[in-house]
Amino acid sequence: MHRLLLLLLLCACALGAAAQTGTVAGEVTNEDGSPAGLTSVAVVGGKAVLADEEGRYTIEVPAGRPVTLRYSLVGNTVERTVELAAGERRTLNVMLKAGELGEVDVRNTRTRGTMEVLDPRNVTLMPNPTGDAMSLIKGALGVMSRNELSSGYSVRGGNFDENLVYVNDIEVYRPFLVRAGQQEGLSFPNPDLIQGIRFSAGGFEARYGDKMSSVLDITYKRPREFEGSVQAGLMGGSFHLASPMLNRRLRQVTGFRYRTLQNLLSGLDTQGEYDARYIDLQTYWTYDLSDKVELGFLGVYSRNRYNTIPEDRETELGNFNQALRFKVYFEGAEKTQFETYFGAVNLNWRARKDLLLKFTGSAFRTFESEHFDVLGQYYLQELERDLGSDQFGEAVRNLGVGSYLDHARNDLDATVLTVAHKGFLQRPNSYLQWGVDARSEVINDKLSEWTLIDSAGYSIPQSSGDDLTLSYSLKSRLNMESVRTSAYVQNAWEWKLDSAARNPRSIGLIAGARVQYWTYNGQTIASPRVRFNYRPGGQRTTKAGKEEDRDLTFWLAGGWYYQAPFYREVRNFQGQLNPDIQAQRSIHAIVGMDRMLKLWDRPFKFTTEAYYKSLSSLIPYEVDNVRIRYYATNNSRGYAMGLDAKLNGEMIPGIESWVSVGIMSTQEDLVDDFYYLRFNAAGDTIVPGYTFDQKAVDSTRVEPGFIPRPTDQRVSVALFFQDEMPRWPTFKVHMNLVFGTGLPFGPPNETRYADTLRTSLYRRVDIGFSKQFIGAPGQKAPKFLSGLKTMHLSLEVFNLLNINNAVNYTWIQDVSGRQYAIPDFLTPRRLNLKLVASF
């Protein structure tokens with residue numbers, strides 16, 4: 001009996017103690033709205049918990065008295081005082097203010113030295129023909145982009161296939177058959193739905209997948225209040241709605257986009273009827289099944305249609321010594337369509353206060369078709385260049401006359417199913433993460449394409465007998481089914497060397513490894529990765545004699561970055577699959593630093609990285625516009641090295657600008673390539689179409705050695721500048737500038753060693769002028785627009801300087817074998833007007 005009474009007394013005490021606490025839960029975000037994951041949330045003088053990667057936290061606090069909660073992240077500290085009744089549950093969302101540099105606020109997140117944080121709000125008024133989130137990436141550290149019609153980009157010598165893109169921890173893809181930027185349409189991420197964007201140009205953590213160049217990590221919104229936006233312009237429009245429901249236990253954000261490029265494409269050299277329409281519908285829902293379990297769903301449908309009936313083309317090229325005009329008359333049409341379905345379900349379970357478990361299942365399905373029959377009859381003419389001639393600028397003779405017929409009936413469908421698990425465990429002095437996933441890939445590809453070239457009545461190559469030899473032919477029906485499995489584990493440590501100091505020195509270490517197995521080639525790859533951060537802390541004295549915290553970070557990063565082949569790397573030029581293909585490998589070595597500083601009494605951040613990448617088991621490829629064609633064999637090795645720097649900040653409060661500069665060299669050596677130089681009796685090197693005596697009497701074998709990779713752009717510059725009128729702050733200007741040196745290219749054949757010519761410079765300036773009608777301080781909206789938070793009207797001028805930038809080259813060959821490279825220019829100057837409103 002006594003034991004029973006004692007047991008009941010203990011239970012009563014325990015229940016009484018539990019009743020003397022309340023619960024505080026919510027989200028922690030950065031100033032740009034991105035989740036402030038891994039923020040420490042502590043009761044001053046009591047217990048502490050760690051927010052998860054999405055910034056969500058739950059903590060129990062004493063009831064019946066005021067309690068101070070301290071939120072800390074990489075030197076940033078915010079405190080809030082609450083007083084809860086026993087058993088009460090309260091939602092408290094906190095935004096971390098940036099650290100202080102003197103009297104000016106600056107941004108400072110946990111991703112310094114690990115991931116670059118980009119502000120998705122800049123997309124709204126950034127002048128960009130595509131109008132999608134990828135326009136932000138083109139200004140990130142180490143990124144190169146030369147095509148305003150495409151969302152593709154390359155990072156430090158890699159191509160777009162070497163970049164990882166995640167949305168809510170799920171890897172996403174772009175169309176397989178796309179061969180030109182105007183076919184590509186809308187990129188996967190919807191900028192209206194984005195909460196945060198993080199980007200790494202190399203040396204990224206083991207929790208990210210197996211690619212050689214970069215990772216883009218995008219998180220969609222989990223709205224805390226009702227919001228929405230509408231955008232309409234000459235090139236399409238969009239709208240989105242976000243709302244919490246059921247006492248904020250259910251949340252949804254849904255967006256629709258429509259894009260048309262007729263306005264842009266009408267300015268191309270190739271004139272005709274263009275019908276380019278792209279639509280995209282996305283929705284993301286989350287529901288709290290309980291205080292510890294959250295269920296989420298992401299659904300996407302997109303359709304890109306590009307139809308054209310070309311009529312004629314006229315391109316002028318050359319220089320003063322030889323001015324040329326290329327004229328083509330077309331017959332036929334092209335029809336291209338990409339249709340994509342995507343769905344994902346995720347379950348997040350807070351098993352313990354220090355343990356978060358995630359489970360995800362996703363399905364990706366795409367249907368792609370590319371059908372065209374286009375006949376082109378061309379004339380290549382030399383123009384009169386004598387300024388005193390009455391015929392100056394007129395054709396004086398024909399250099400080539402001929403026809404070509406391009407035919408294609410290509411159809412592809414692909415299905416990718418993925419199941420994954422991720423875990424996050426907060427240890428006393430470290431943060432442990434792990435994950436496993438399995439992915440099934442089924443790809444069916446039907447290829448049928450050929451090209452016939454006729455020059456001055458002769459088919460090229462010239463045929464013998466009754467046979468007609470095509471210049472290019474590819475017919476194949478392929479099916480590839482495989483399963484990939486992977487796993488990773490990594491741990492993060494941070495040590496404060498003098499924790500009692502106001503701005504302590506600290507050391508951070510992130511180390512991990514991942515492994516992947518692919519059933520198609522039976523290869524297992526393992527990738528160890530490590531990153532070391534050091535913050536010297538301390539104070540510095542300004543010129544004015546004030547003492548302020550020194551905000552400086554250094555880092556070293558490196559590791560093995562394997563890239564197992566996907567479908568396009570496995571398929572060669574002849575339309576055959578190579579089952580013996582192996583993973584490419586890149587070993588990264590990166591040293592970098594960033595510093596918060598003040599310029600013109602404004603906050604700025606300067607970041608720089610030097611890198612070297614040792615490349616082996618490479619799969620050589622050629623680039624045709626945006627289409628990447630692989631040789632499907634691991635017969636190359638190479639390197640990439642360079643230096644990147646970026647300065648970003650706010651010239652005026654709340655308006656961000658940046659400039660980034662990159663210097664790079666990337667080359668490769670194909671281990672089995674060679675060619676012969678042939679010499680005639682006079683000892684001259686024989687060049688088809690140029691040398692008069694083409695009878696060879698001698699030859700020399702040449703092994704090219706290292707040659708530039710297709711993405712070897714030595715210098716790149718990107719600038720985004722925003723400002724406002726001093727007396728009229730509602731008028732703003734937004735300027736986007738991109739500069740890049742030439743890229744290697746060569747004739748359309750399978751001789752990589754010949755791709756050593758250089759394209760012209762890429763120079764482009766886009767500018768936008770916006771007027772804010774609603775939302776600025778002192779502005780009052782009309783009654784019928786009282787529900788709007790902001791409203792802008794923007795006039796955009798694309799390619800302000802009207803510079804011809806070449807994206808590709810059309811090769812013309814006459815019957816003597818001489819070849820001419822005709823540049824395919826991108827879009828000229830165009831205008832766009834758009835209205836943007838939020839509510």
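The text that follows walks through the structure, step by step, so that each part is easy to find.

## Let's talk about the overall build of the chain
The helix and strand tally for the chain stands at five helices and 51 strands. Relative to the compact-globule value of 28 Å for 839 residues, the chain shows a C-alpha radius of gyration of 30 Å, a close match. Seen through its C-alpha atoms, the chain measures out along the principal axes to roughly 115 × 65 × 55 Å. Within the chain, the proportion of its 839 residues that are buried is 54%. Once local pairs closer than 6 in sequence are excluded, the contacts in the chain between residues at least 24 apart make up 67%. Summing over all exposed atoms, the chain offers an accessible surface of approximately 36800 Å²; the carbon and sulfur share of this is 56%. Looking at charge distribution, the chain has the averaged site of its 94 positive side-chain charges lying 8 Å from that of its 95 negative ones.

## Focus: the sheet that holds strand β14 (residues 163–167)
Each strand in a sheet pairs with its neighbour through backbone hydrogen bonds, running either in the same direction (parallel) or in the opposite one (antiparallel). The strand order across the open sheet formed by five strands is β11-β16-β17-β14-β15, and the pairing between neighbours is mixed. Looking at the sheet topology across the chains shown, the edges are occupied by β11 (116–118) and β15 (170–171). Sheet topology note: the β11/strand β16 (residues 194–200) ladder contains three bridges and is antiparallel. If you follow L118 over to β16, its bridge partner there is I197.

## Let's talk about the pattern of salt bridges
Going through the model one piece at a time under the given rule, you end up with 58 salt bridges. Two residues, R484 and E441, come together in a salt bridge whose shortest N-O distance is 2.6 Å. Here E441 lies in strand β26 (residues 430–455) and R484 lies in strand β28 (residues 472–496), a separation of 43 residues in the sequence. E441 carries the same exposure label as R484, and that label is buried. For the salt bridge of R758 with D712, the shortest nitrogen-to-oxygen distance reads 2.7 Å. Residue R758 is found in strand β46 (residues 757–758), and its partner D712 is found in the loop between β42 (706–708) and β43 (715–724); the two are separated by 46 residues along the sequence. The exposure class assigned to D712 is buried, which follows from its relative accessible area of 0%. Connected through salt bridges with shared partners, the residues E27, R56, R222, R224, R251, D288 and E294 form a single ionic network.

## Section: empty space enclosed by the protein
Counted under the stated rule, the structure contains 14 cavities of 30 Å³ or more. Size it by volume and the second largest cavity reaches roughly 250 Å³. For the second largest cavity, the lining is made up of 19 residues, of which L447, R571, R627, I628 and R629 are closest to its centre. Of all the secondary structure elements, the ones that give two or more residues to the lining of the second largest cavity are β26, β28, α5 (567–570) and β37 (627–630). In terms of residue count, β37 provides more of the lining of the second largest cavity than any other element does, four residues in total. In the lining of the second largest cavity, the residues fall into ten nonpolar, two polar and seven charged.

## Side note on the environment of A837
Relative to the assigned elements, A837 resides in strand β51 (residues 830–838). Overall, the relative accessible area of 12% leaves A837 in the buried class. With 609 residues separating them along the chain, A837 and G228 place their C-alpha atoms 8.5 Å apart. With sequence-adjacent residues up to four places away left out, A837 is seen in contact with G228, S229, V230, L788, T790 and M791.

## Here's the deal with the pairing of β37
The pairing of strand β36 (residues 621–624) with β37 spans four bridges and is antiparallel. Note that in β37 the partner of E622 across the bridge is R629. Where β36 folds back onto β37 in an antiparallel hairpin, the turn is made up of two residues, including N625, whose phi is positive at roughly 60°.

## Looking at unusual backbone geometry
Positive phi, normally seen in glycine, also occurs at N625, with a value near 60°. The topology assignment puts N625 in the loop between β36 and β37. Taking the relative accessible area as the measure of exposure, N625 reaches 19% and is therefore buried. Phi at A632 takes a positive value of approximately 60°, unusual for a residue other than glycine. Relative to the helices and strands, A632 is located in the loop between β37 and β38 (636–652).

What counts and what doesn't
Residues numbered from 1 in each chain as written. Predicted model: local features only at pLDDT ≥ 70, side-chain atom pairs only at ≥ 80, totals over all residues. Heavy atoms only, no water. Helix = DSSP H or I, 4+ residues; strand = E, 2+ residues; numbered from the N terminus. Rg over C-alpha atoms; globule rule 2.2 N^0.38 Å. Buried < 20%, exposed > 50% of the residue type's maximum accessible area, 1.4 Å probe, protein only. Contact = heavy atoms within 4.5 Å. Areas by Shrake-Rupley, 256 points an atom, 1.4 Å probe, with all protein chains shown as cover. Lys, Arg positive; Asp, Glu negative; His and termini not counted. Charge placed at Lys NZ, Arg CZ, Asp CG, Glu CD. Pairing = 2+ DSSP bridges. Salt bridge = Lys/Arg side-chain N within 4 Å of Asp/Glu carboxyl O. 1 Å grid on protein atoms, 1.4 Å probe; cavity = no way out; pocket = protein on both sides within 12 Å on 5 of 7 lines; lining within 4 Å. Points joined across faces, edges and corners; volume = space filled by probe spheres on them. Nonpolar A, V, L, I, M, F, W, Y, C, P; charged D, E, K, R; others polar.

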